[in-house]
Amino acid sequence: MTPGEALAAECARYAAMGWMRGTSGNLSVVVARDPLRLAVTVSGRDKGELTADDVVVVDAEGRTDDPLKVPSAEAGLHGRIAAVSGAGAVVHVHALAPVVAAEYWPEGVELRDLEMLKGFGRSAHDDLVVVPVVPNDQDMRVLGDAFEAGYREDVPALIVARHGVYVWGEDLYRARHRLECLEWLLRFKIETRRDQR
Ligand SMILES: [Zn+2]
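Here is a short report on the structure shown in this document. (Residues numbered from 1 in each chain as written. Predicted model: local features only at pLDDT ≥ 70, side-chain atom pairs only at ≥ 80, totals over all residues.)

## Quick notes on the packing of helix α3 (residues 96–104) against helix α5 (residues 172–191)
Here's step 1: Interhelical geometry of α3 versus α5 gives an angle of 45 degrees and a closest axis separation of 9 Å. Judged by the angle between their axes, α3 and α5 are oblique. In this structure, the crossing between α3 and α5 has a hand that is left-handed. Here Ala 97, Pro 98, Val 100, Ala 101 and Tyr 104 of α3 lie close against α5, whose contacting residues are Glu 183, Leu 186, Arg 187, Lys 189 and Ile 190.
Here's step 2: By residue class, the composition of the contact of α3 with α5 is seven nonpolar, no polar and three charged. (Axes fitted to C-alpha atoms, helices over the stretch in contact; angles between N-to-C directions. Helix = DSSP H or I, 4+ residues; strand = E, 2+ residues; numbered from the N terminus. Parallel < 35°, antiparallel > 145°, perpendicular 65-115°, else oblique. Left-handed = near helix turned anticlockwise from the far one by under 90°. Contact = placed C-beta atoms within 7 Å. Nonpolar A, V, L, I, M, F, W, Y, C, P; charged D, E, K, R; others polar.)

If you want it as structure tokens, here you go:
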């Protein structure tokens, strides 16, 4: 499977889950490490209908020399995350639960003692996971700096308040499983919250 085929197939799955509404969200895979190059979904297309051609190769800052295709404006943050974390795939969706969670816990969302944490690469017991939250910004360097300031190797996710969530992993398959589990965990956290933080 080419990177374009893999990204289109993953986008179709996320779109079906309602996580890529109105052309939002973007996915990437690392295609070269030194220098860093990522295949990222193009801007503005319906993510449920992407083809293998709807991807563009960008550098670590999200820039391309492709004369025709426009990468997602958020490609620069994908590059930063891949560079800092060493991930092979980065997924960004506008799922609702992460954004609602960031409203309640803008300093970071604490998760613990939940079986689904195993799907996020952590322990089901006595393991406090804090998913970082950063303010939204249209400048990917500002977002990238905020991400890097709060980066922890054992938390492969970043919530951008009032915007969406980034999750990463070795490949698209593992990143998807982490995102699916994290979305469940955040829904649980929101639905079981009390008035205090
Ligand atoms: Zn976004």
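## Some points on the packing of helix α2 (residues 75–85) against helix α4 (residues 140–149)
Here's step 1: Where α2 contacts α4, the two axes come as close as 9 Å, and the packing angle between them is 25 degrees. Looking at the two axes, α2 sits roughly parallel to α4. Handedness of the crossing formed by α2 with α4: right-handed. Taken together, the residues of α4 that come into contact with α2 (itself represented by Gly 76, Leu 77, Arg 80, Ile 81 and Val 84) are Met 140, Leu 143, Gly 144, Phe 147 and Glu 148.
Here's step 2: For the contact of α2 with α4, the per-class residue count stands at six nonpolar, two polar and two charged.

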